[in-house]
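# Observations on chain architecture
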Amino acid sequence: MSDAPAVGELTPPDRTLMGPGPSDVHPRVLRAMSTPLVGHLDPSFIEIMNEVQELLRYTFRTDNQWTIPVSGTGSAAMEAAIGNVVEPGDTMLVPTNGYFGGRMASMAERAGGEVVKVDAPWGEPLAVDDVEAAVREHEPDVFGFVHAETSTGVRQPDVPELTEVAHEHGAYVIADCVTSLGGVELRVDEWDIDVAYAGPQKCLSCPPGASPLTLNDRAMEKVLSREEEARSWYLDISLLEGYWGEERAYHHTAPITNVYAMREALRLVAEEGIEARWQRHRDVAGALKAGVEAMGLEMNAPDEYWLPSLNAVRVPDGVEDEAVISYLLEQYDLEIAGGLGALSGDIWRIGCMGYSARPKNVSYLLAALGDALDSQGADVDVDAGLAAMSGALR
């Protein structure tokens, strides 16, 4: 048998995270994660569970009783939503306008559903008329859409109109809010969304590991009256209801430290005020957008559906996108990301989320990006970009 491996002390680099997630974690959240563990059925932890649920309702803008952090990353919350609401034989209508609409489709198919699509080009939102036509044609049981498409930097407008169309035909509405919860206006109850899920590592600035999910009474009734059990035992909401509901009965060992982190991240949301937090993201990301455009670069999304939390910037002609990403990481310890799917190589995805949505981060990004582009011979005006950013924040 070989000797024990010699592994040194953990010393990850100190990055500035301005990609599509994770975002920089607030120091208070990191401190919360270092506090002592208790058991997942400890009376003190049950009180923490109650507080997290109350704070999540505030952040989702909902009174839904069934509002929880799913044990897992944002994709676990996504699979819990789709895998419980979509039953074998159900038809789910999904969008084609981004990478995560495709993931919705894959999860619906694995749940035994039949997938039909409402088409829109990558980089554009769904049109209400197109959704209505698709709903009339296919009469889906479930309609899913992405509120903030991380792959394209597009925010879906007209959400109440979309949900109205779906409900007129009896469909349940599932909203992907992974890159909007806590940073972009989202009103689950007012917009009549049946199910919404999110990730903690985006606008909440919380490490991944426990992910927000909310279902209204109508959706929960469908889940609890299924004829066939959900295909995932771990993510079966009818079983999780025993742990997160009034009974507080054992189902699995919750990620205790991640729940601590979420509690503190949501406390920060409540202290700032949800509408003030939405405005901060608009203001700081607006300054980033102004700076990028003044430098001579172009945004991927038009102003009317620009997504403040995820800014998709077009890669200029003659510039290698991955070279810029690598330069920023190596020279500045600064993370941004490239495009996915149909936009691979065409855009950079620059996050402006949660604790990362600060003027300090934006000015650092603009200066570093200007240097990276200059190293490739691109014609950019960094001084103009910084001046535009400062002007936008006045």
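This is a predicted model, so every value here is computed, not measured.

### Regarding the overall build of the chain
Looking only at helices and strands, the chain has 13 helices and 14 strands in total. The C-alpha atoms of the chain give a radius of gyration of 21 Å, which matches the 21 Å a tight globule of 394 residues would have. Its C-alpha atoms give the chain principal-axis dimensions of about 60 × 60 × 55 Å. In the chain, the share of contacts with a sequence separation of at least 24, taken over all contacts with a separation of at least 6, comes to 73%. For the chain, the exposed area adds up to about 16200 Å²; of that, 47% sits on carbon and sulfur atoms. Looking at charge distribution, the chain has the averaged site of its 28 positive side-chain charges lying 5 Å from that of its 64 negative ones.

### Remarks on the pairing of strand S3 (residues 91-95)
Across a regular strand the side chains alternate sides, sitting on one face of the sheet and then on the other. Here S3 lies mainly inside the structure; 5 of its 5 residues are buried. The alternating pattern of S3 places Thr91, Leu93 and Pro95 on one face and Met92 and Val94 on the opposite face, and all of these are buried. With 5 bridges connecting them, S3 and strand S4 (residues 114-118) associate as parallel partners. If you follow threonine 91 over to S4, its bridge partner there is glutamate 114. Traced from S3 through helix H4 (residues 99-110) to S4, the parallel crossover comes out right-handed. Taken together, the 2 bridges between S3 and strand S5 (residues 142-146) define a ladder with parallel strand orientation. Pairing of methionine 92 across the sheet is with valine 142, part of S5.

### Notes on the sheet that holds S5
Spatially, the 7 strands line up as an open sheet ordered S2-S10-S9-S8-S5-S3-S4, and their pairing is mixed. Strands with a single pairing partner mark the edges of an open sheet, and in this sheet they are strand S2 (66-72) and S4. Between one strand and the next, the sheet's axes are offset by a mean angle of 20°, whatever the strand orientation. Of the strands in this sheet, S3, S4, S5, strand S8 (172-176) and strand S9 (195-197) are in contact with H4, which crosses S3 at around 165°.

### A short note on the pattern of salt bridges
If you walk through the whole model with that rule in mind, you get 16 salt bridges. A salt bridge links arginine 277 to glutamate 272; its shortest N-O distance comes to 3.0 Å. For arginine 277, a relative accessible area of 5% corresponds to the buried category.

### So, the packing of helix H10 (residues 274-295) against helix H13 (residues 382-393)
At a minimum axis separation of 7 Å, H10 and H13 run at an interaxial angle of 155°. Taken as axis vectors, H10 and H13 run roughly antiparallel relative to one another. Remark: the crossing between H10 and H13 carries right-handed chirality. Touching Asp283, Val284, Ala287, Ala290, Gly291, Ala294 and Met295 of H10 are Val382, Ala384, Gly385, Ala388, Met389, Ala392 and Leu393, all from H13. For the contact of H10 with H13, the residue count by class is 11 nonpolar, 2 polar and 1 charged.

### Some words on a nonpolar patch on the surface
A surface patch of nonpolar side chains, about 310 Å² in accessible area, is lined by Trp233, Tyr234 and Leu239. Within the secondary structure, tryptophan 233 sits in the loop between helix H7 (217-224) and helix H8 (237-244).

### What about the side chain of threonine 91?
Here threonine 91 shows up in strand S3. Looking at threonine 91, the relative accessible area reads 12%, which means it is buried. Setting aside its immediate chain neighbours within four residues, threonine 91 contacts Glu114, Val116, Pro140, Asp141 and Val142.

### Examining helix H11 (residues 321-332)
Over its 12 residues, H11 runs 16 Å from end to end, which matches the ideal 16 Å to within 8%, given 1.5 Å per residue. For H11, the complete set of buried residues consists of Asp321, Val324, Ile325 and Leu328. In an axial view of H11, the angular spread of the buried residues amounts to 100°, which keeps them on one side of the axis. Exposed residues on H11 whose side chains face more than 90 degrees from its buried face are Glu330 and Gln331. On the buried face of H11, the contacting elements are strand S12 (334-335), strand S13 (337-338), strand S14 (347-351) and helix H12 (359-375).

### A word on the sheet that holds strand S11 (residues 310-314)
The antiparallel open sheet is built from 3 strands, whose spatial order is S11-S14-S13. Edge positions in the open sheet fall to S11 and S13, since each of these has one partner strand only. Where S13 meets S14, 2 bridges bridge the pair, whose relative direction is antiparallel. Its bridge partner being in S14, glycine 338 is matched across the sheet by tryptophan 348.

Scoring rules and cut-offs
Residue positions are counted from 1 within each chain, in the order its sequence is given. Residue-level local features of this predicted model are given only where pLDDT is at least 70; pairs of side-chain atoms are given and counted only at 80 or more, and the full residue set underlies all totals for whole chains, interfaces and linings. To get the side-chain values, take all heavy atoms of the structure and skip hydrogens and water. Put simply, DSSP marks the helices as runs of H or I at least four residues long and the strands as runs of E at least two long, and each gets a number from the N terminus on. We compute the radius of gyration from the C-alpha atoms alone; for a globule the expected value is 2.2 Å times N to the 0.38, where N is the number of residues. Contact definition: two residues touch when any of their heavy atoms are within 4.5 Å. Accessible areas in this description were obtained via Shrake-Rupley with a 1.4 Å probe; residue shielding takes into account the shown protein chains only. Charge convention: Lys and Arg are scored as positive, Asp and Glu as negative, and His as well as the terminal groups of each chain are ignored. Charged groups are reduced to one reference atom each: NZ for lysine, CZ for arginine, CG for aspartic acid, CD for glutamic acid. We call a residue buried when its accessible area falls under 20% of the maximum for its residue type, exposed when it is over 50%, and partly exposed in between, using a 1.4 Å probe and counting protein chains only. What makes two strands pair is DSSP finding at least two bridges between them. If the strands point away from the viewer and the path from the first strand over the helix to the second runs clockwise, then the crossover is right-handed. The convention used is that axes are lines fitted to C-alpha atoms, helices contributing only their stretch in contact, and that angles between N-to-C directions extend from 0 to 180 degrees. The term salt bridge refers to a side-chain nitrogen of Lys or Arg lying within 4 Å of a carboxyl oxygen of Asp or Glu. Relative orientations are named as follows: roughly parallel for angles under 35 degrees, roughly antiparallel for angles over 145 degrees, roughly perpendicular for angles from 65 to 115 degrees, and oblique for any other angle. By the definition used in this description, the sense in which the near helix is turned from the far one sets the handedness, with an anticlockwise turn below a right angle giving left-handed and a clockwise turn giving right-handed. Under the scheme applied, nonpolar residues are Ala, Val, Leu, Ile, Met, Phe, Trp, Tyr, Cys and Pro; charged residues are Asp, Glu, Lys and Arg; polar residues are all the others, including Gly. Residues enter a patch when their relative accessible area is above 30% and they make no salt bridge; the linking distance is 9 Å between like charges and 5 Å between nonpolar side chains (Val, Leu, Ile, Met, Phe, Trp, Tyr). In a helix, the anticipated span is given by 1.5 Å times the number of residues less one. Directions from the helix axis toward the C-beta atoms define the arc.

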